[in-house]
Structure formats: C-alpha cells, structure tokens
Amino acid sequence: MESALIPYLSLILIGLIFIWRPTFLSSVNLPIWALLLIKALLLFTITSILGWPYDIQGYFDHSKLIWQGDVPMKDFNSPYSIGFEYLMSFISFNYHSPLFMGLFLLLFEALAYLIILRNNLLTKSEIVGLAFNPLFIHFSIFDIQDEFIILFFFAWYAYLLTHNCKLIYWTLVSILFIFFTKVLSILFIAPLFYKNHKRGFLTLFTIVGIYFILYLSGFRIFSFEFEKKDGGSDLIWDIYSAGNILWIMKGLGIIFKPIYGMLLTVSILVLVNLYLAFNRFRDNFNYLEYYIIGLLLNTLTMLIFYKMTFPYNYLILLFVYTVAQKLSIFQGRIISKRLFAIYTLIISINHQSEYLILKYGMVQTPLYFIFYLIQIMIVIFNVYLFLQVFRRISSSKLG
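Structural notes on the overall build of the protein
Counting secondary structure elements, the protein contains 18 helices and two strands. The buried share of the protein, reckoned over its 399 residues, is 55%. In the protein, the share of contacts with a sequence separation of at least 24, taken over all contacts with a separation of at least 6, comes to 77%. Taken as a whole, the protein presents about 17,900 Å² of accessible surface, with 68% of it coming from carbon and sulfur.

What to know about the nonpolar core
Nonpolar side chains tend toward joint burial in soluble globular proteins. Core analysis: the biggest nonpolar cluster contains 125 residues, and Y113, F136, I149, F154 and F319 have the highest contact counts within it. Beyond its immediate sequence surroundings of up to four residues, I149 is in contact with F84, L87, M88, L105, F108 and F179.

Observations regarding the packing of aromatic side chains
Each aromatic ring pair is summarised here by two numbers: the centre-to-centre distance and the angle between the ring planes. Evaluation of the coordinates by the stated rule reveals 24 aromatic pairs. Note that K250 overlies the ring of Y240, its terminal NZ or CZ placed 5.5 Å from the centroid. A cation sits over an aromatic face here: K307 above Y240, 4.6 Å from the ring centre.

Topic: the side chain of T265
Secondary-structure assignment places T265 in helix α14 (residues 258-278). Ignoring any residue separated from it by four or fewer positions in sequence, one finds T265 in contact with T301, M302, F305 and Y306.

Quick look at the packing of helix α5 (residues 99-118) against helix α6 (residues 124-131)
Where α5 contacts α6, the two axes come as close as 10 Å, and the packing angle between them is 155°. When the axes of α5 and α6 are compared, the pair comes out roughly antiparallel. In the crossing of α5 with α6, the sense of the turn from one axis to the other is right-handed. Between α5 and α6, the residues in contact are E109, Y113 and L117 and K124, I127, L130 and A131, respectively. A class-by-class count of the residues in the contact of α5 with α6 yields five nonpolar, no polar and two charged.

Description of helix α8 (residues 147-163)
Counted at 1.5 Å a residue, the expected span for α8 with its 17 residues is 24 Å, and the 25 Å between its end C-alpha atoms agrees. Positive backbone phi, approximately 50°, marks N164, located one or two places after α8.

What to know about the confidence of the model for the protein
With 88% of its residues at a pLDDT of at least 70, the protein reaches an overall mean of 82. Highest mean pLDDT in the protein belongs to α5 (93); lowest belongs to helix α11 (residues 191-194) (61).

Side note on a nonpolar patch on the surface
On the surface, a nonpolar cluster with roughly 590 Å² of combined accessible area is contributed by L252, I254, F256, I259, Y260 and L263. Within the secondary structure layout, L263 lies in helix α14. The class of L263 is partly exposed, set by a relative accessible area of 47%.

The rules behind the values
- Residues numbered from 1 in each chain as written.
- Predicted model: local features only at pLDDT ≥ 70, side-chain atom pairs only at ≥ 80, totals over all residues.
- Heavy atoms only, no water.
- Helix = DSSP H or I, 4+ residues; strand = E, 2+ residues; numbered from the N terminus.
- Buried < 20%, exposed > 50% of the residue type's maximum accessible area, 1.4 Å probe, protein only.
- Contact = heavy atoms within 4.5 Å.
- Areas by Shrake-Rupley, 256 points an atom, 1.4 Å probe, with all protein chains shown as cover.
- Core = buried A, V, L, I, M, F, W, Y, C linked by side-chain atoms within 4.5 Å.
- Phe/Tyr/Trp six-rings, centres within 6.5 Å; stacked < 30°, edge-to-face > 60°.
- Lys NZ or Arg CZ within 6 Å of the ring centre and 35° of its normal.
- Axes fitted to C-alpha atoms, helices over the stretch in contact; angles between N-to-C directions.
- Parallel < 35°, antiparallel > 145°, perpendicular 65-115°, else oblique.
- Left-handed = near helix turned anticlockwise from the far one by under 90°.
- Nonpolar A, V, L, I, M, F, W, Y, C, P; charged D, E, K, R; others polar.
- Expected span 1.5 Å × (residues − 1).
- pLDDT = per-residue confidence, 0-100.
- Patch = residues over 30% accessible without salt bridge, like charges linked within 9 Å, V, L, I, M, F, W, Y side chains within 5 Å.
- Salt bridge = Lys/Arg side-chain N within 4 Å of Asp/Glu carboxyl O.

Quick look at the structure:
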C-alpha cells in the first residue's frame, strides 16, 4: 500500500467516527499524563512503520547543523526565526533521530491542555475529544508540526491574562523571539491593541530593532527558504496551499505577486484588530474574552486570505474555537458538532488529497474539479464563521 494512504485512510476512519457520534468521547476523563503517554506510544509506533515526516526531518537536519556550530540565517537559510531554530535544536538533544523533538512537541500539546484545564476553560472529556480529533492526530502523530508550541503559548498567555500576572511581558518577548518571522506571530501581537501595554509595544519595537540590526549584519532574516540537507532548498514564498481565496483565484488564472497577498492579509488583520481596539473601552471589559475572540478572528482572517495557510494552521482555529465556545458571548454553539466534525475531517485530509491528486496526475479529471469546489466551500465556511464571531462582538457586551 502507498505509504501516504495509511494516514489518509486512518484519518478518514477517525473522522467518520466523530461525524457518526460527535460526543463519543464525552464520557472519557483521561488524566493529561495518560493522554500524553498514549500519544507518545502512537508516535513511536507510527514513525517506526512510516519513518519521520518531511517537516520534522527538516527541523532535525537544521538542529544537527546548529549542534555542529552553524548559525541559522547566516550559515544556512530558514523561513523561521533564529529563536525557533535554537529552540528546536535544544529539544532535539542532538539525538540521532527526531524522536525527542517529536516527544517535546507532544509535551507542549499536553502542557497546553493542562493549563487550559487548570484555568477551567475546558473539561477533561473536552480535552480528550480535542486531542483525538483527526486534525490533532494528523499533526501530532502522522505529520508532526510545531503549531503545538503556539497552542502552549496561547494557553499560557490566556492563563496570565486571567491572573493579571506580570509575566505577560516576558511571555510576549518569548513569543515574538521564537515566531517573529512567521505570520502567525501577529496573533499574539493583537493583545497590544486591547490594552495600554506600553511595555508590550516597547518589547515589539525592541525585537524589530534586534532583527533589523541582524539583517544589516548580513543575516538572511527574510529569506523564506528552507535549506535542505542535500544542499537544495524549498522557496516557501512561492507556495500556494489549498483552502484560501488566493489559491482559488490562482486556479482561475488570477495570480498576484506574493508581496501583494501578504499586504492584503496584514491589512485585513490590522483592520480587525483596530476594530477590537476601538471596542476595548466597553463596560465590564474582559481581557481574556477579547484575547480569545481576537485570536479567533485573526486566525480565520489568515485562513481565508493568506496563500500559505496549511492544514496544520487549523490546529489553532480548532483549539481556540473549542475554548471560545465556553464564553458567555456565544450563548450556544455557532455551528452544530456534527457539521464541525465534517469540516474538521475535510481539513485534516485536505493536504493529503491535494498531494495524491497531483502525484497521480488527476488535475484534468472530474476528481480535481470536486476538490476545487471543496476549497470554495472551505472558504465560504470560514467566512461564515468569521461573520458569526464578528456579529457576536458587535451585538454583545463582553465581561
């Protein structure tokens, strides 16, 4: 059997179970350590059979270069920040495989769950349902991704906002240092608009200044190239991932320069956050609610407009959306559990579907036309979700 079909069929099976019985894990109350242990065993088993996936193998190759004394962005190209490269290098422990790297990413996922649980934002059964959702299984076991570090920071930042802790600023420093060159970092800059964070703005400009100095010193900060072990490189800037407006337009022969797509995304993100900032002076203002809703709107904006929104970026949407459902502003779910389970299954196999269609030369077949229509449906669904969240902000008092 084609190795790519094993995760594909597995995710379809898990997704169909969630569609059939969206609450089938609602009575399971696993402790976080047991959840982590089960996922670690799954990770070890799957990687022993299929090997390590492309992305984490690339992170691992870069970590080996760092352990040899190379400096990221100077001795080799990376689309990520220097802080991210050194963090991934550290958690690799200079081991002969990405095993520790994969285990630490699972640990970040478990810590995110633990913090959310301690903050009473989700129950144990809701966390179990999230952890074994096909999307989370895909990108924690079959195609291991670093977005779980972002989920950890989201959970930690939400906890600090709840307790009004002074560690907020140091957390912001860490986030920006690790994810500065990823567009996703803007998700965490958003809270600066919601509160008069003078130190937060100072932190942001300091980080920008540091990276500007590095750029002038010859560091290739904005190369957007992922240098591979064989000396080749992937130019991330040229990639169009399915499921967003720009990918759909590309299919119609309408192609923008990458910088224009980036400017479009950032412009809409700025408008969204300015609107949230304008409404921050409402009565009974609750910073945690605004932070969660802001992340939800920012994530949806990126998924709709940014051409490099990959399926693993939906991990953030699903995590934040699940937490947001507990807020009083929603007063019930926006979308039924079964419909959202269908949506999640489609997203979890979307990238694999595109890969298989291209690999087997089915671009000129009716199957690709169906795939193209599904991408339009994904965008429509994301726009609908965005408008529903935006409507609740416009018509409700938070707090």
